[in-house]
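Take a look at the letters that make up each chain.
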Amino acid sequence: MLSIKNLYASVEDKQILKGINLEVGAGEVHAIMGPNGSGKSSLASVLAGRENYEVTEGTVTMDGKDLLDLAPEDRAREGLFLAFQYPVEIPGVSNINFLKTALNEIRSYHGKAPLDAKRFLQLTKEKQKLVEFDAKLVNRSLNEGFSGGEKKRNEILQLAMLEPKLAILDETDSGLDIDALRIVSNGVNKLRSKDNAFILITHYQRLLEYIVPDFVHVLYNGRIVKSGGKDLALELEEKGYDWIKEENK
Amino acid sequence: MSQQVVENSNSLSLKDSLIKEFELTYSKNQGNEPEALLQKREAALGAFQCAGIPTIKNEEWRFTNLVPFLKDSYQMQPSGMPGSDVIEKAIVRATVKGLDAYRLVLVNGQIDFSFSQLPDYQEGWLIRPVSEVKGTEAFAAALNSTLPIEKYPFAAINTACFSDGFYMELNNDFQLDKPLQIIHVYSDQENLFLQPRNIIKVRRGALAEVLESSVLMSDKLLFVNGVTEIQVQENAHFKHAHFQVGEAQERWIMHTQVEQLRDSRYDNYTLTLPHADLVRNNLNVILDGPSTETHLYGLYMVENKHVVDNHSLVDHRHPNCMSNQLYKGVILDGGKGVFNGKIYVHRPAQKTNAFQQNNNLLFTPNGTINSKPQLEIYADDVKCSHGSTVGQFDEEALFYLRSRGIGADTAHSLMITAFAFDVTSKIENEALRNHIEQLIEKTIAQAQAVI
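Note that the structure is predicted; figures quoted are calculated from it, not measured.

## Let's talk about the overall build of chain B
1) Next: The helix and strand inventory of chain B stands at 10 helices and 20 strands.
2) Next: For chain B, whose C-alpha radius of gyration is 22 Å, the value lies close to the compact-globule estimate of 22 Å for 451 residues.
3) Next: Expressed as lengths along the three principal axes of its C-alpha atoms, the size of chain B is roughly 75 × 60 × 50 Å.
4) Next: Buried positions account for 60% of the 451 residues belonging to chain B.
5) Next: Of the contacts made within chain B by residues no fewer than 6 positions apart, 86% connect residues no fewer than 24 positions apart.
6) Next: Summing over all exposed atoms, chain B offers an accessible surface of approximately 18,300 Å²; the carbon and sulfur share of this is 47%.
7) Next: Each charge class in chain B can be summarised by its mean position, and for the 40 positive and 54 negative side chains these summaries are 3 Å apart.

Next up, the structure:
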């Protein structure tokens, strides 16, 4: 589904990603771990198309389509979703209007008619229930005044509504208490299917107890230096990242 | 012989044309108008002659250079009246979908009752042409009662020259059951300079909602130098919205002078959208009694080479008054906006609550906004605040929206609508609110097509 080959990227002339190779197949869950500043969030940003990142080498394709050639909105329309580490508050844009606009722009990209009001509301209700999202928040301004947990749950609601092929969760577990973590993880687990894939970016093994990955990769200094099964996460939890740093000096 | 100024005999300067217009109308008015009014006109002409057309050296006009708008020559009176088909079209263009309202139509500044839809006057209110009521002593006495014309040269020359406009009066405790939409239709074969004078008197305990808008039905230039004087008496409530949506050849200098008496409330919504190339609003609210409430909401979207200048004054003269002002501006590519908001709290005006906020969004880096909050406070037990911001699009928010599949244009549009929401959400009338939101969306779509 996603194929990253020899990806190099920089911000303001500083090289951040230094040759990333990663293959993600349908139905798979990949976890990307690594110490602070290793390039985890940068990888997510580059994939989603954040403007200040410059790709200097390599290719990224999703189902054969060149992702790097597309504007951020077209990547989303092709089925890529990034759950933000810090979801943005946008006062004056209602959550519901935002969801509707996003959903219908994606539908229109695929030549589908917009959902009528009734079906849209039905869908919203259903997905809200699925991710245990407070109905009251749906009518509020987008993320405005939401707690950290509410913001992250809103990301999962959007994920559920937009049904992307590939979802990247960028430190979705950061700042969550144990209940919120459970709710968010349950949501993701319910959304997992043989047709979609997930990339979980996280510091901690904790999230992976709830969402069990098929593969774990360690990102260090802009490259994937180690890959393995879910046991690798446990090993990292136990030993920390220092041995990785040692090995890759 | 030293330098001699060579005057083009065909085109008088605007100042001279205005003075000449005064002379022409003055001789006609003698005998028809009471001595008190004639004296006010003469004094006003003196004030105008003394001040002249303001330049950027005048502090109140520092940011708005009128020179580019003064080059053209204008007729000071309409050369004729448009046909009824033109007026009908204009009314259709001014129609607000879903708005259930009475309608008052003015054509080139004069009331046309045949196109208006008004209830019976027995109900407790009346609307008359100013030309009909200006002969009374009471009218003359009330004119400019709170407007210091020596400070406002355009209001001064309006006072000297005006011939017509609308006079509206609501009796004590009368509540107008529907909003009144006032449609100002302008049309002429020549460039036209008009100086309408309107008076609104909302008597004790009365309630009314008025929406003003205008339509230009010709391709000639239109310069309107209008003055509206409003008195909101004890315990009355007047809601006043002004939609300024026009054509590129329109220039507007509008002076609105409001006097509020004890326990009254005045709400003003000034919504300025393209395409008039000059809009200057002077909005002065004089709080002439204690315990009043005032809300001033403004929204302006300014396009390339055009100027929208909002000057306001809230004059707190008595205790326990509350005023709240929120103006938001979107400066499109190459546009120029001015906000100058003055709050004056006099010494006796203790327990004043006065708030002011002006926020601006620059659509592209190629726009200008001059924002100048001015607070002068002479009382010591007051709550006053003001804030002024100028910003650009929040890139992170834009990226967030786009990362959800929302296209850049739609994302911009959502964010501007959200920016304007603080103002538009304050419009209680749903039809008006929808109307303005649609106009905003249309304006953004046009602005994006240009970039």
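## Focus on the pattern of salt bridges
1) Next: Scanning the model with the defined rule gives 35 salt bridges over all chains in all.
2) Next: Put simply, A:Lys127 and A:Glu163 hold a salt bridge, and the shortest N to O gap is 3.3 Å. Of this pair, A:Lys127 sits in helix H4 (residues 117-130) while A:Glu163 sits in the loop between helix H6 (148-162) and strand E9 (166-170); the two residues are 36 residues apart in sequence, bridging distant segments of the chain.
3) Next: The partner of B:Asp309 in a salt bridge is B:Arg280, and the shortest N-O contact between them spans 2.9 Å. Residue B:Asp309 is located in strand E15 (residues 307-316), and its partner B:Arg280 is located in strand E13 (residues 278-287); the two are separated by 29 residues in the primary sequence. Like B:Arg280, B:Asp309 is buried.
4) Next: One connected set of salt bridges, linked through shared partners, spans A:Glu51, A:Glu73 and B:Arg402.

## What about the interface of chain A and chain B?
1) Next: Across the contact, 31 residues belong to chain A and 17 residues belong to chain B.
2) Next: Summed over both sides, the interface between chain A and chain B buries roughly 2,000 Å², with carbon and sulfur atoms accounting for 63% of that surface.
3) Next: The salt bridge partner of B:Arg402 is A:Glu73, with a shortest N-O separation of 2.6 Å.
4) Next: Applying the counting criterion to the chain A and chain B interface returns 12 residue pairs in polar contact (both at pLDDT 80 or more).
5) Next: Looking at the side of chain A that touches chain B, the elements with two or more residues in it are helix H2 (72-77), strand E6 (80-83), strand E7 (90-94), helix H3 (95-109) and H6 of chain A.

## A few points about the UniProt feature "domain: SUF system FeS cluster assembly SufBD core" (unreviewed entry) in chain B
1) Next: This chain's UniProt record puts "domain: SUF system FeS cluster assembly SufBD core" (unreviewed entry) on residues 188-419 of chain B.
2) Next: Each end of residues 188-419 of chain B is marked by a C-alpha atom, and these two atoms are 38 Å apart; helix forms 9% of the span and strand 59%.

## Focus on the side chain of B:Asn268
Residue and element names in this part refer to chain B.
1) Next: On the secondary structure map, Asn-268 appears in strand E12 (residues 265-273).
2) Next: Asn-268 gets classed as buried once you look at its relative accessible area, which sits at 3%.
3) Next: One polar contact links Asn-268 to Tyr-266, side chain to side chain, over a distance of 2.8 Å.
4) Next: Not counting residues within four places of it along the chain, the set of residues in contact with Asn-268 comprises His-240, Leu-283, His-295, Leu-296, Tyr-297 and Tyr-327.

## What to know about the sheet that holds strand E4 (residues 53-62) of chain A
For sheets, the rule is that strands pair by backbone hydrogen bonds, running either parallel or antiparallel.
Residues and elements named next belong to chain A.
1) Next: In spatial order, the strands read E2-E1-E4-E5; together these four strands make up an open sheet with antiparallel pairing. This sheet does not close on itself; its edge strands, each paired only once, are strand E2 (14-24) and strand E5 (65-66).
2) Next: On the sheet, helix H1 (residues 40-48) packs against strand E1 (2-11), E2 and E4 and is oriented at approximately 105 degrees with respect to E1.

## What to know about the pairing of strand E11 (residues 250-260) of chain B
Residue and element names in this part refer to chain B.
1) Next: Among the 11 residues of E11, 11 are classified as buried, and the element is accordingly described as predominantly covered.
2) Next: Burial along E11 is two-sided: the residues Glu-250, Trp-252, Met-254, Thr-256, Val-258 and Gln-260 and Arg-251, Ile-253, His-255, Gln-257 and Glu-259 are all buried.
3) Next: Where strand E9 (residues 222-232) meets E11, 11 bridges bridge the pair, whose relative direction is parallel. The residue of E11 that forms the bridge with Gly-226 is Met-254.
4) Next: Pairing geometry for E11 and E13, over 10 bridges, is parallel. Following the sheet pairing, Met-254 is matched in E13 by Asn-281.

## Remarks on the state of the cysteines
Where two cysteines share a covalent bond between their sulfur atoms, that bond is called a disulfide.
Residues and elements named next belong to chain B.
1) Next: Taken as a whole, this structure holds zero disulfides over all chains when the rule is applied.
2) Next: As a non-bridged cysteine, Cys-321 has Cys-384 as the owner of its nearest cysteine sulfur, 12 Å distant.
3) Next: Of the residues examined, Cys-384 reaches a relative accessible area of 25% and is grouped as partly exposed.

## Re the UniProt feature "domain: ABC transporter" (unreviewed entry) in chain A
1) Next: Feature annotation in UniProt assigns "domain: ABC transporter" (unreviewed entry) to the following positions: residues 2-246 of chain A.
2) Next: Note that residues 2-246 of chain A is 39% helix and 29% strand, and that its end C-alpha atoms are spaced 30 Å apart.

## Regarding H4(A)
Residue and element names in this part refer to chain A.
1) Next: The end-to-end C-alpha distance of H4 is 20 Å, a good match for the 20 Å that 14 residues give at a rise of 1.5 Å each.
2) Next: Taken as a whole, H4 has its buried residues at Phe-120, Thr-124, Lys-127 and Gln-128. Seen from one end, H4 has its buried residues packed into an arc of 105 degrees, which puts them on one side. Facing away from the buried side of H4 by over 90 degrees, the exposed positions are Lys-118, Lys-125, Glu-126 and Lys-129.
3) Next: Here the buried face of H4 lies against H3, helix H5 (135-138) and H6.
4) Next: By the N-cap criterion, in which a side-chain oxygen at the helix start approaches the backbone nitrogen of a residue two or three places on, H4 is capped by Asp-116, the distance to Lys-118 being 3.1 Å.
5) Next: Note on H4: the residue one or two positions beyond its end, Glu-132, has a positive phi of about 50 degrees.

## Regarding empty space enclosed by the protein
Residue and element names in this part refer to chain B.
1) Next: Per the stated rule, a full pass over the model turns up five cavities of 30 Å³ or more.
2) Next: In this structure, the largest cavity occupies an estimated 90 Å³ of space.
3) Next: Lining the largest cavity, in full, are His-240, His-242, Gln-244, Met-254, Thr-256, Asn-268, Thr-270, Asn-281, Asn-282, Leu-283, Asn-310 and Tyr-327.
4) Next: Elements with a contribution of two residues or more to the lining of the largest cavity: strand E10 (237-245), E11, E12 and E13.
5) Next: Lining the second largest cavity are His-184, Tyr-186, Pro-196, Asn-198, Glu-212, Val-224, Gly-226, Thr-228, His-242, Trp-252 and Met-254.
6) Next: Going through the elements one at a time, strand E5 (180-186), E9 and E11 are the ones with two or more residues in the lining of the second largest cavity.
7) Next: It is E9 that contributes the most residues to the lining of the second largest cavity, three residues altogether.
8) Next: In terms of residue class, the lining of the second largest cavity is made up of five nonpolar, five polar and one charged.

## A look at the packing of H3(A) against H4(A)
All names here are of chain A.
1) Next: Packing of H3 against H4 leaves a shortest axis separation of 11 Å and a crossing angle of 110 degrees. The pairing of H3 with H4 is recorded here as roughly perpendicular in orientation. Here the hand of the crossing between H3 and H4 comes out right-handed. Contacts from Ile-96, Leu-99, Lys-100 and Leu-103 in H3 reach Phe-120, Leu-121, Leu-123 and Thr-124 in H4.
2) Next: Partitioning the contact of H3 with H4 into residue classes produces six nonpolar, one polar and one charged.

Criteria and cut-off values
Residues numbered from 1 in each chain as written. Chains lettered and ligands numbered in written order. Predicted model: local features only at pLDDT ≥ 70, side-chain atom pairs only at ≥ 80, totals over all residues. Heavy atoms only, no water. Helix = DSSP H or I, 4+ residues; strand = E, 2+ residues; numbered from the N terminus. Rg over C-alpha atoms; globule rule 2.2 N^0.38 Å. Buried < 20%, exposed > 50% of the residue type's maximum accessible area, 1.4 Å probe, protein only. Contact = heavy atoms within 4.5 Å. Areas by Shrake-Rupley, 256 points an atom, 1.4 Å probe, with all protein chains shown as cover. Lys, Arg positive; Asp, Glu negative; His and termini not counted. Charge placed at Lys NZ, Arg CZ, Asp CG, Glu CD. Salt bridge = Lys/Arg side-chain N within 4 Å of Asp/Glu carboxyl O. Buried area = accessible area lost by both parts, 1.4 Å probe. Polar contact = N/O pair within 3.5 Å; in protein donor to acceptor, adjacent residues only side chain to side chain. UniProt positions renumbered as here; feature names shortened; annotations may be inferred. Pairing = 2+ DSSP bridges. Axes fitted to C-alpha atoms, helices over the stretch in contact; angles between N-to-C directions. Disulfide = S-S within 2.5 Å. Expected span 1.5 Å × (residues − 1). Arc of directions from axis to C-beta. 1 Å grid on protein atoms, 1.4 Å probe; cavity = no way out; pocket = protein on both sides within 12 Å on 5 of 7 lines; lining within 4 Å. Points joined across faces, edges and corners; volume = space filled by probe spheres on them. Nonpolar A, V, L, I, M, F, W, Y, C, P; charged D, E, K, R; others polar. Parallel < 35°, antiparallel > 145°, perpendicular 65-115°, else oblique. Left-handed = near helix turned anticlockwise from the far one by under 90°.

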